Amino acid sequence: MTKTVLDAINQQINAELGASYAYLAMSAWCERQNFTGCAKWLRLQSQEEQTHAMKLFDFVLARGGTVDLKAMAQPAGSFRSVLHVFETAYQQEQEVGRQIDQLYELAFKEKVFAAMAELQWFLTEQVEEEKTAREIVAKFKLVGNDPSSILDLDRELGTRTGAEAAAPEPA
Ligand SMILES: [Fe+2]
Ligand SMILES: [Fe+2]
């Protein structure tokens, strides 16, 4: 493991924890607005981002590197609507996707093959997460301001279970 790649992975641990923190803030907002299904979905997503961080955390340690936890940014805590919540989530996933791409490119340039293998999982996972977020945004856009349709969507999102969250195996 080169220092550049190690630093970048530590940065990504921070980004995954930041995503977890941001989802937690979104969950709290939704719960306050009585969108309990959305709140549950977002809470599970927050937990899933935590498992992403831990996957990298364990990888750094397995390679004999030092885990360097950094300060976390304060996440947005107020939103205009549930659509706005999921638009924010989608933007966040796209940003994380770009970060993973850059990290993979760096590992490639530095010829850190073990990190490339580890990051393969994240590339695949990111495709899925961006797709899911994009679909939820599309559904909320489709129903617009119709209260009963919004409540239907809220109920649908509330059916998410922990097991479905595709938590990664510990590294
Ligand atoms: Fe993630
Ligand atoms: Fe994510």
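Our structure's up above, just so we're on the same page.
Residues numbered from 1 in each chain as written. Chains lettered and ligands numbered in written order. Predicted model: local features only at pLDDT ≥ 70, side-chain atom pairs only at ≥ 80, totals over all residues. Heavy atoms only, no water.

A.B. asks: Kindly report on the side chain of His-84, identifying the contributing residues and their values.
C.D. replies: When you line up the elements, His-84 lands in helix H3 (residues 82–109). Taking the relative accessible area as the measure of exposure, His-84 reaches 17% and is therefore buried. In this structure the side chain of His-84 is engaged in a polar contact, spanning 3.0 Å, whose partner is the backbone nitrogen of Arg-80. (Helix = DSSP H or I, 4+ residues; strand = E, 2+ residues; numbered from the N terminus. Buried < 20%, exposed > 50% of the residue type's maximum accessible area, 1.4 Å probe, protein only. Polar contact = N/O pair within 3.5 Å; in protein donor to acceptor, adjacent residues only side chain to side chain.)

A.B. asks: Any chance you could break down the pattern of salt bridges for me, citing the residues and the numbers?
C.D. replies: Evaluated as defined, the whole model comprises 10 salt bridges. A salt bridge links Lys-109 to Glu-105, with the shortest nitrogen-to-oxygen separation between them at 3.6 Å. Of the two residues, Lys-109 and Glu-105 are both situated in helix H3; the distance of four residues between them amounts to about one turn of the helix. For Lys-109, a relative accessible area of 60% puts it in the exposed group. Glu-156 is paired through a salt bridge with Lys-139; the nearest N and O atoms lie 2.9 Å apart. Here Glu-156, found in helix H5 (residues 147–157), pairs with Lys-139, found in helix H4 (residues 113–143); they are 17 residues apart in sequence, far enough to count as distant. (Salt bridge = Lys/Arg side-chain N within 4 Å of Asp/Glu carboxyl O.)

A.B. asks: Give a description of the packing of H3 against H4 that names residues and reports values.
C.D. replies: Relative orientation and spacing of two packed helices are given, respectively, by the angle between their axes and the distance between those axes. It is at 9 Å that the axes of H3 and H4 come closest, and there the two elements cross at 160°. Relative to H4, the element H3 is oriented roughly antiparallel. The handedness of the crossing between H3 and H4 comes out as left-handed. Residues belonging to the contact of H3 with H4 are distributed by class as follows: 19 nonpolar, four polar and seven charged. (Axes fitted to C-alpha atoms, helices over the stretch in contact; angles between N-to-C directions. Parallel < 35°, antiparallel > 145°, perpendicular 65-115°, else oblique. Left-handed = near helix turned anticlockwise from the far one by under 90°. Nonpolar A, V, L, I, M, F, W, Y, C, P; charged D, E, K, R; others polar.)

A.B. asks: Let's hear about the environment of Leu-119: which residues, and what values?
C.D. replies: Mapping Leu-119 onto the fold places it in helix H4. Residues Leu-119 and Gly-64 lie 55 residues apart in sequence; the distance between their C-alpha atoms is 17 Å. With residues up to four places along the chain from it excluded, the contact list for Leu-119 reads Leu-56, Leu-103, Tyr-104 and Ala-107. (Contact = heavy atoms within 4.5 Å.)

A.B. asks: Kindly report on the coordination of the iron ion (ligand 2), identifying the contributing residues and their values.
C.D. replies: For the iron ion (ligand 2), every protein donor is listed as Glu-49 (OE), Glu-93 (OE), Glu-93 (OE) and Glu-129 (OE), and the spread of their distances is 1.8 to 2.4 Å. Here the iron ion (ligand 2) is ringed by four donor atoms whose angles at the metal span 55 to 144°, and the overall shape comes out irregular. If you list the donors of the iron ion (ligand 2) from N- to C-terminus, the spacing comes out as E-x43-E-x35-E. Here the iron ion (ligand 2) and the iron ion (ligand 1) are spaced 3.3 Å apart, and both take Glu-49 as a donor. Highlighted residues: Glu-49 in helix H2 (residues 36–62) and Glu-93 in helix H3, separated in sequence by 44 residues. (Donors = N, O, S within 2.8 Å, 3.2 Å for Na, K, Ca; no water. Tetrahedral: all angles 85-135°; square planar, octahedral: opposite > 155°, others 65-115°.)

A.B. asks: Hey, could you go over the state of the cysteines for me, with residue numbers and the actual values?
C.D. replies: What the rule picks out here adds up to zero disulfides. Here Cys-30 is not disulfide-linked; the sulfur of Cys-38 is the nearest cysteine sulfur, at 4.9 Å. For Cys-30, a relative accessible area of 0% translates into the label buried. Residue class for Cys-38 comes out buried when judged on its relative accessible area of 0%. (Disulfide = S-S within 2.5 Å.)

A.B. asks: Which residues make up the coordination of the iron ion (ligand 1), and what values do they have?
C.D. replies: Those protein atoms acting as donors to the iron ion (ligand 1) are Glu-16 (OE), Glu-49 (OE) and His-52 (ND1), and they sit at 2.1 Å. All donors of the iron ion (ligand 1) belong to a single chain; written as a sequence motif, their spacing is E-x32-E-x2-H.

A.B. asks: Outline the side chain of Asn-10, supporting the account with residue identities and numerical values.
C.D. replies: Mapped onto the elements, Asn-10 comes out in helix H1 (residues 3–32). Here the side chain of Asn-10 touches Thr-66 through a polar contact of 3.1 Å, landing on its backbone oxygen. Residues in contact with Asn-10, not counting those within four places in the same chain, are Thr-66, Val-67, Asp-68 and Lys-70.

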